[in-house]
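Below are the chains, spelled out letter by letter.
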Amino acid sequence: MKQREYLWAYSFIAAPILGFLLFAFIPLSYSVYVSFTDYSGYQTPVFNGGDNYVKLVQDELFWKTLRNTLYSALSIPIGMICSLGFATALNQKIRGIRFFRTMFFLPTISSVIALTLLWKWIFNDTYGLLNHLLELIGIQGPAWLSSERWAMPAMIIQGVWSGLGINIVLYLAALQGVPRSFYEAAEIDGANGWQRFRHITVPCISPTTLYILITAIIGALQDYPRFQIMTEGGPNYSTTTIVYYLFQNAFRYMNMGFASSMAWILGFIILAVTLLNFYFSRRWVHYE
Amino acid sequence: MNAPKRNSGKVLLLSLSVALLTGGLAGCGNSKKEAEAGNNPDAGGQVKIQFAGWGDPSEKEVFTKLIQSFEKANPTIKVDYLHIPSGDYVGKMNTILAGGNAPDVLYVPDGDFGRWVSQDLLLPIGDLVKNSSIDTADMWASGLDRYRYDGSANGQGELYALPKDIGPHVLYYNKDIFSKMNVPFLSAEKPMSMEQLLDTAKKLTVSKNGKTTQYGMGPVWWEDFVLAHGGKFLSDNKQEFTGNSQETIDALQFAADLTNKHGVVPSSAALKDLNDSEMFKTGKLAMMVSGRWMVPEFRKLGFDWDVAPLSGKDWGGISGSVGLAIYSKTKHVEAAYKLVEYLGGPEGQREQSLMGFSIPSFKSMASTDVFLQPGQKPEHAEVFIQAVEKQVSGPWTALPNAKWYDLLAQGLAPMWEGKKSAADVLNELKPKIDAAIKEGNSGLFK
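Residues numbered from 1 in each chain as written. Chains lettered and ligands numbered in written order. Predicted model: local features only at pLDDT ≥ 70, side-chain atom pairs only at ≥ 80, totals over all residues. Heavy atoms only, no water.

A. Quick look at the nonpolar core. Residues and elements named next belong to chain B. Counting 99 residues, the largest nonpolar core has L171, M287, W404, L408 and L412 as the members making the most contacts within it. Ignoring any residue separated from it by four or fewer positions in sequence, one finds W404 in contact with F233, L234, F241, P395, A398, L399, I433, A436 and I437. Membership of the second largest hydrophobic core comes to 55 residues, among which are V79, V322, V340 and F362. (Core = buried A, V, L, I, M, F, W, Y, C linked by side-chain atoms within 4.5 Å. Buried < 20%, exposed > 50% of the residue type's maximum accessible area, 1.4 Å probe, protein only. Contact = heavy atoms within 4.5 Å.)

Laid out in structure tokens, this is it:
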């Protein structure tokens, strides 16, 4: 009888395991191999030892795009503060709150391409919305996307905005899970609004903060389509992220081996950052 | 106690995976057989080939029609037209080509030609062309030659594609603005010199309270400027970057000055976030650089416009092109070539030209009403013929590996922003670009 149950159990888990083997493990192992070869993507790979990794370390653009990626990750803390602010506001009992919640979530379900094109217009230096608004308060806005200094800040602004929807929803759910009795107790003890927020809300929603932080970091380290559409990585590679550079090496310069080695380095960076995150999370994340 | 169970589990897992794998393999086998059956002439002697391309809806319509008439003329060949949106095309095709089962006939953008041909993905078609009805002597040489590859660089050697189209740049101008501002119309025969161009653009620029409401000219194509004024990007053997020569430096500095010093071209390096044809259509630009493909759209405009040659001595303009190539592993060379011959030959060229967006690949056809289309704008359509005679392919087609060109295009940014001189920028780029040429194009240095 028990035998039979095991049989069923194994046959149920077989599908995802096989799926993992076929579509993740085998391709991943193959890409480890490819990262040690000279491989154009179309012809047979030729083993070349650690050449790709040596070249990578010496590649100026690799370091530049890595720095760009970390710079673009500034959108994470800014975005998290903004979404917590909005979520707190959207957590109030006011008229039409559903409407506002929908509005804030809308960007999340819209097409990346369409939104990116919209932002391209917003950032246009001559006819764009942003510079028009700046002009109203007397500031001459820069040529956002075509200026080496301002292109990345522009991409960060757009990144913050596009991440808002989903993070607000997550924070809203977390905020609603904070027990009312905590606040009531604190109120009796005479805590003011800020103290309640600082000492009750923030610790209570810290697991959500950790979740957002980790997924956002992984997302930011892998971000590139919006860069490709909005700036094509320019000007002067100021908005080329590491994955965009990886993509160019793989599909524009026919250097699949080099691209694979880059992917693995990136993979390890992501792994390290995530582990560090978990490690430090013990100090500030509170589970009930 | 546990051991036997675990074993049975393992056995099950193993057998399941074996079943799945063999099932998968069997599936592959079947589909392959089917594909072959579809590809080989069946009882009716029919061959089925696949053709991949992109294009806006009007181009899709023309090609659907062309394919229908092709099938009528060749009842033994069936064409499966795979239409991929243009933005996705190269990315998708890269994946399809890497997968090893690509369409028999495919569009090849001239900038991607080098990469694909150097990877043995395209079939040489020189002999097929020679033995067919295509008269290559009647074709624009630069249109055809960019689809040659000699094993190391593009532009010479064996032929691998026929041009589907070629579009050299010309200067479009808004005649209404010229009349209003009392500026004489541009000559359709004689190109302006750099000084004349700047002078004309200055006259056509209107500023109010320090804000420019009308620009003399649209964003410049720096490659045009460099080549038109005697500059070069690569040495003759293509092994070295020569973009720091005095001619190139002068031309680029002039182009950057148009914006930064003279203010006759919009924005700093706003080539990317500024759509020049939209500005031209709304009367904010008096002149702009573009190719024949704008004609159908501009014909709908409410004002009068015409075309003139680009500035520069004896210069036609850079041209973009798309080629029609055959996948190297196709099983149906004959049928595939028949389609290439049809689309790249007189019938296909005729239909495309009639629509107004392209210039026929054949000299004899270009001088007929099929292309000139009297009574329709532009009045001086022969400017395009003048341009196509002297056109050159863009520097992006010169080498299979494009990294050198990306480094150049990206690296010019400080110059467009007016932070550095053209000379400084180009001299700094030279060693990096030389290294990229060497690293990416080992075939050149053998």
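B. Structural context of the pattern of salt bridges. All names here are of chain B. Taken as a whole and judged by the stated rule, the model has 25 salt bridges over all chains. Between R148 and D145 there is a salt bridge, with its nearest N and O atoms 2.8 Å apart. Notably, a salt bridge pairs K175 with D304, separated by 3.9 Å at the nearest N-O pair. A residue pair is termed long-range when its members are at least 10 positions apart, and K175 in helix α7 (residues 175-180) and D304 in the loop between α12 (295-298) and β11 (305-308) qualify at 129 residues. Residue classification places K175 among the buried positions, given a relative accessible area of 8%. Bridged by salt links that share partners, the residues K175, D304, K377 and E379 form one connected network. (Salt bridge = Lys/Arg side-chain N within 4 Å of Asp/Glu carboxyl O. Helix = DSSP H or I, 4+ residues; strand = E, 2+ residues; numbered from the N terminus.)

C. Geometry of the interface of chain A and chain B. Taken together, the contact between chain A and chain B spans 42 residues of the former and 43 residues of the latter. Contact between chain A and chain B buries roughly 3700 Å² in total, counting both sides, with carbon and sulfur atoms accounting for 56%. Applying the counting criterion to the chain A and chain B interface returns three salt bridges. Note that E439(B) and K55(A) form a salt bridge whose closest N and O atoms lie 3.5 Å from each other. Between the two partners, chain A and chain B, sit 16 residue pairs in polar contact (both at pLDDT 80 or more). Contributing elements (two or more residues each) for the side of chain A that touches chain B: α1 (2-34), α3 (60-72) and α13 (242-251) of chain A. (Buried area = accessible area lost by both parts, 1.4 Å probe. Polar contact = N/O pair within 3.5 Å; in protein donor to acceptor, adjacent residues only side chain to side chain.)

D. Structural view of the sheet that holds β11(B). Residues and elements named next belong to chain B. The five strands are arranged β8-β9-β10-β7-β11 in an open sheet whose pairing can be described as mixed. Both outer strands of the open sheet, β8 (206-208) and β11, are each paired with one neighbouring strand and no more. The average angle at which neighbouring strand axes cross in this sheet is 25°, direction not considered. The pairing of strand β7 (residues 170-174) with strand β10 (residues 285-290) spans four bridges and is antiparallel. Of the residues in β10, the one forming a bridge with Y173 is M287. Taken strand by strand, helix α17 (residues 382-390) contacts β7 and β11, and its axis lies near 155° from that of β7. (Pairing = 2+ DSSP bridges. Axes fitted to C-alpha atoms, helices over the stretch in contact; angles between N-to-C directions.)

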